[in-house]
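# Observations on chain architecture
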Amino acid sequence: MFWYRSAFVDTILTIVRNRELIWEVALRDLKGGSKGAILGVLWIIINPFIQVVAYVVIVSLVFKVKLNEPMGPFGYATYVLSGMIPWQIL
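The present account deals with the structure reproduced in this document. Values in this document were obtained by computation on a predicted structure and should not be read as measured data.

### What about the layout of surface pockets?
Of the volumes computed, that of the largest pocket is approximately 310 Å³. Considering the residues around the largest pocket, the lining is formed by D29, L30, I44, I45, N47, P48, M84, I85, Q88 and I89. Looking at the lining of the largest pocket, the elements that each hand over two or more residues are α2 (19-33), α3 (42-62) and α4 (72-89). When its residues are assigned to classes, the lining of the largest pocket shows seven nonpolar, two polar and one charged.

Rendered as C-alpha cells:
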C-alpha cells in the first residue's frame, strides 16, 4: 500500500513540475486539431453537442426507444454527454 501511495505522489509531483510543458502541448494539440475548421477552436466545443443532439434524435425519433418518463430526452442527453466527455478526452 505504501508503494502505491508513493507512486501516486510521484506522479502528481511530476505533473506539477512539468505543468508549463503540459499546458503548451495541450494548447498546441487543441490548435492543431481545429486547423482547417471554419469555426476554429470553437468547433472543439460545438462538436460534442452536435453529436449528442444527433444521438438523442436517432434514439428517440428514429428508433423510437421509450425513455424513462422522469429522465426524458434531456436526461438521456445528459447521460450520453457524461459518457462522451471522458471518451473525447481520452
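Anyway, onward from the coordinates.
### Concerning α3
The first and last C-alpha atoms of α3 sit 29 Å apart over 21 residues, in line with the 30 Å expected at 1.5 Å per residue. K64 sits one or two positions beyond α3 and adopts a positive phi of about 50°.

### Some remarks on the nonpolar core
The nonpolar side chains of a soluble globular protein tend to be buried with one another. Among the nonpolar cores identified, the biggest contains eight residues, and these are V52, V56, V59, Y76, A77, V80, L81 and M84. Of all the elements in the fold, those that place two or more residues in this core are α3 and α4. Sort the elements by how many residues they give to this core and α4 lands first, with five residues.

### Details of a nonpolar patch on the surface
Residues L30, I38, L39, V41, L42, W43, I44, I45, F49 and I50 make up a contiguous nonpolar surface patch of roughly 970 Å² in combined accessible area. Of the residues forming the nonpolar patch, the biggest block, six residues, is contributed by α3. Looking at where L30 falls in the secondary structure, it is placed in helix α2.

### Focus: the environment of A77
Locating A77 in the fold gives a position in helix α4. With relative accessibility at 16%, the residue A77 sits in the buried group. C-alpha of A77 to C-alpha of V56: the two residues are 21 residues apart in sequence and 6.2 Å apart in space. Excluding its chain neighbours within four sequence positions, the residues that come into contact with A77 are V52 and V56.

Cut-off values and rules
- Residues numbered from 1 in each chain as written.
- Predicted model: local features only at pLDDT ≥ 70, side-chain atom pairs only at ≥ 80, totals over all residues.
- Heavy atoms only, no water.
- 1 Å grid on protein atoms, 1.4 Å probe; cavity = no way out; pocket = protein on both sides within 12 Å on 5 of 7 lines; lining within 4 Å.
- Points joined across faces, edges and corners; volume = space filled by probe spheres on them.
- Helix = DSSP H or I, 4+ residues; strand = E, 2+ residues; numbered from the N terminus.
- Nonpolar A, V, L, I, M, F, W, Y, C, P; charged D, E, K, R; others polar.
- Expected span 1.5 Å × (residues − 1).
- Core = buried A, V, L, I, M, F, W, Y, C linked by side-chain atoms within 4.5 Å.
- Buried < 20%, exposed > 50% of the residue type's maximum accessible area, 1.4 Å probe, protein only.
- Patch = residues over 30% accessible without salt bridge, like charges linked within 9 Å, V, L, I, M, F, W, Y side chains within 5 Å.
- Areas by Shrake-Rupley, 256 points an atom, 1.4 Å probe, with all protein chains shown as cover.
- Salt bridge = Lys/Arg side-chain N within 4 Å of Asp/Glu carboxyl O.
- Contact = heavy atoms within 4.5 Å.

What is shown is where atoms sit, not what they do.
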